[in-house]
Amino acid sequence: MGRITTRRPILKLTLGEGVIRRADTLAVEEPLEIRVAGAPLAVTMRTPGHDVELAAGFLVSEGIIAQASDFHSAIHCGGPGTGGEENTYNVLDLTLAQGIPLPDPDAARRFYTTSSCGVCGKASIDAVRTVSRHPRGDDDILVGADRIAAYPERLRAEQAAFDKTGGLHAAALFDADTGEMLVLREDVGRHNAVDKVVGWALLNDRLPLRRQILQVSGRASFELVQKAAMAGIPMLSAVSAPSSLAAELADESGVTLVGFVRGRSMNIYTHAHRVRTDAGADGEGIGASEPAAEGASHAR
């Protein structure tokens, strides 16, 4: 339980120097079946650990629950039949609070989710444009660009499991007012790392995350923007590129989307009024009407 890394014998080949036998540290990837009231809902490939947070965050992302009072409990159980099989801690059964509707069996996500994609199996893009119970509205956060530029390095400095394996994504929440890192989670799946962060917030009764910034270690996909929107997060910052659909959804849902945050530069794709630069007067954010320079190069 909670096994994050494992050791495996390998052959290390270096051109011109030959081959040596050694052990390498790998990130563990195992399936987690998420059940609600005993009924299978989804299977995701994840790094074990913080499974309750992962499942709770997943339910928030799917619009099944939205606040701490919607959630009752969770328990790891045995294998597929739970009829006395050894508990592998790869099946988690959630109980919702009394009166909270269970997922519709016809709409339940009973499909295999890989660690690289959290929305595979959805019938259409329209099906994942879930309406959030925590809309951003006129969120008044204003964050200095210098602070945003520092987030990736602060994220990387806390990635203990990545240091050992080089194979884990990370997501962290930063307080927009103080700059404090509130929580960081790692996982083989970028969507799982975000679900763990959102689940942490739900279990600690912090939703909606009105004045928080979500920093991720990789690219910003549609699903990550959706998860931010469902949790009420007003800003998503990514080390790498967003997709076109991620930018479209961020624009529609009021999320400030920042990408290619590397060194002293970044690209602001949507709702730039929440980002303050040294050039901003009297603490004002970048004007929403200021378009990015045509043909501006990406930091890579």
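Treat the numbers as computed from the prediction; the structure is a model and nothing was measured.

**Let's talk about the overall build of the protein chain**
- Secondary structure assignment for the protein chain yields 6 helices and 15 strands.
- By residue count, 49% of the 300 residues in the protein chain fall in the buried class.
- Contacts in the protein chain between residues at least 24 apart in sequence constitute 55% of all its contacts with a sequence separation of at least 6.
- Accessible surface for the protein chain amounts to roughly 14500 Å². Of this, 50% is attributable to carbon and sulfur atoms.

**A look at helix 5 (residues 222-230)**
- Most of helix 5 is tucked away, with 9 of its 9 residues classed as buried.
- Phe222, Glu223, Leu224, Val225, Gln226, Lys227, Ala228, Ala229 and Met230 are the residues of helix 5 that are buried.
- Positive phi appears at Gly232, one or two residues downstream of helix 5, with a value of about 80 degrees.

**Observations regarding the confidence of the model for the protein chain**
- Taken over all residues, the pLDDT of the protein chain has a mean of 84, while the share at 70 or more is 78%.
- Confidence scores differ between elements of the protein chain, with strand 7 (residues 112-113) showing the lowest mean pLDDT of 51 and strand 12 (residues 235-238) the highest of 98.
- Confidence over residues 288-297 falls short of pLDDT 50; this stretch has 0 contacts with residues more than four positions distant or in other chains.

**Thoughts on the pattern of salt bridges**
- Per the stated rule, a full pass over the model turns up 9 salt bridges.
- One salt bridge connects Asp51 with Arg46, and the closest N-O pair in it is separated by 2.8 Å. Across this residue pair, the class does not change: Asp51 and Arg46 are buried.
- The salt bridge involving Arg211 is made with Asp177; its shortest N-O contact spans 2.8 Å. Separated by 34 residues along the polypeptide, Arg211 in the loop between helix 4 (190-203) and strand 11 (212-216) and Asp177 in the loop between strand 9 (169-175) and strand 10 (181-187) bring together distant segments of the chain.
- What makes Asp177 partly exposed here is its relative accessible area of 47%.

**Examining helix 2 (residues 145-157)**
- At Tyr151, helix 2 is bent by approximately 30 degrees, the largest bend along its length, and proline Pro152 sits one to four residues beyond.
- Burial in helix 2 covers these residues: Ala145, Ile148, Ala149, Tyr151, Pro152 and Leu155.

**Details of the packing of aromatic side chains**
- Within this structure, the stated rule accounts for 1 aromatic pair.
- Arranged with centres 4.1 Å apart and planes meeting at 20 degrees, the rings of Tyr151 and Phe174 form a pair that is stacked. Taken together, the residues span a long stretch of sequence, with Tyr151 in helix 2 and Phe174 in strand 9 at a distance of 23 residues. Neither residue differs from the other here; Tyr151 and Phe174 are each classed as buried.

**Digging into the sheet that holds strand 10**
- Sheet architecture is open: 6 strands sit in the order 10-9-11-12-13-14, paired in mixed fashion. The open sheet has two edge strands with one neighbour each: strand 10 and strand 14 (265-270). Taken pair by pair, the neighbouring strands of this sheet meet at an average axis angle of 20 degrees, ignoring direction.
- By the bridge criterion, 4 bridges tie strand 13 (residues 256-262) to strand 14 in an arrangement that is antiparallel. Counted as the bridge partner of Val258 is Ile268 from strand 14.

**Quick notes on the nonpolar core**
- In terms of nonpolar packing, the biggest core is built from 48 residues, with Leu59, Ile65, Leu173, Leu214, Val216, Leu236 and Leu257 touching the most fellow members.
- Top element by residues in this core is helix 4. It accounts for 7 residues.
- Discounting residues that sit within four places of it in the chain, Ile65 has contacts with Ala56, Leu59, Val60, Asp70, Phe71, Leu96, Ile100, Arg133 and Leu202.

**Notes on the environment of Gly18**
- Mapping Gly18 onto the fold places it in strand 2 (residues 18-27).
- The exposure class of Gly18 is partly exposed, given its relative accessible area of 36%.
- Setting aside residues no more than four positions away along its own chain, Gly18 makes contact with Lys12 and Leu13.

**Thoughts on the environment of Phe58**
- Residue placement: Phe58 occurs in helix 1 (residues 51-61).
- Phe58 gets classed as buried once you look at its relative accessible area, which sits at 8%.
- As for Phe58 and Asn192, which are separated by 134 residues in sequence, their C-alpha atoms are 8.1 Å apart.

**Points about unusual backbone geometry**
- The omega angle of the peptide bond from Leu207 to Pro208 is 0 degrees, so this bond is cis rather than trans.
- With respect to the element layout, Pro208 can be found in the loop between helix 4 and strand 11.
- If you check the backbone angles, Ala37 has positive phi at about 55 degrees while not being a glycine.
- Residue placement: Ala37 occurs in the loop between strand 3 (30-36) and strand 4 (39-46).
- According to the relative accessible area criterion, Ala37 is exposed, its value standing at 52%.

Conventions and cut-offs
- Residues numbered from 1 in each chain as written.
- Predicted model: local features only at pLDDT ≥ 70, side-chain atom pairs only at ≥ 80, totals over all residues.
- Heavy atoms only, no water.
- Helix = DSSP H or I, 4+ residues; strand = E, 2+ residues; numbered from the N terminus.
- Buried < 20%, exposed > 50% of the residue type's maximum accessible area, 1.4 Å probe, protein only.
- Contact = heavy atoms within 4.5 Å.
- Areas by Shrake-Rupley, 256 points an atom, 1.4 Å probe, with all protein chains shown as cover.
- pLDDT = per-residue confidence, 0-100.
- Salt bridge = Lys/Arg side-chain N within 4 Å of Asp/Glu carboxyl O.
- Bend = angle between axes of the 7 residues up to and from the residue.
- Phe/Tyr/Trp six-rings, centres within 6.5 Å; stacked < 30°, edge-to-face > 60°.
- Pairing = 2+ DSSP bridges.
- Axes fitted to C-alpha atoms, helices over the stretch in contact; angles between N-to-C directions.
- Core = buried A, V, L, I, M, F, W, Y, C linked by side-chain atoms within 4.5 Å.

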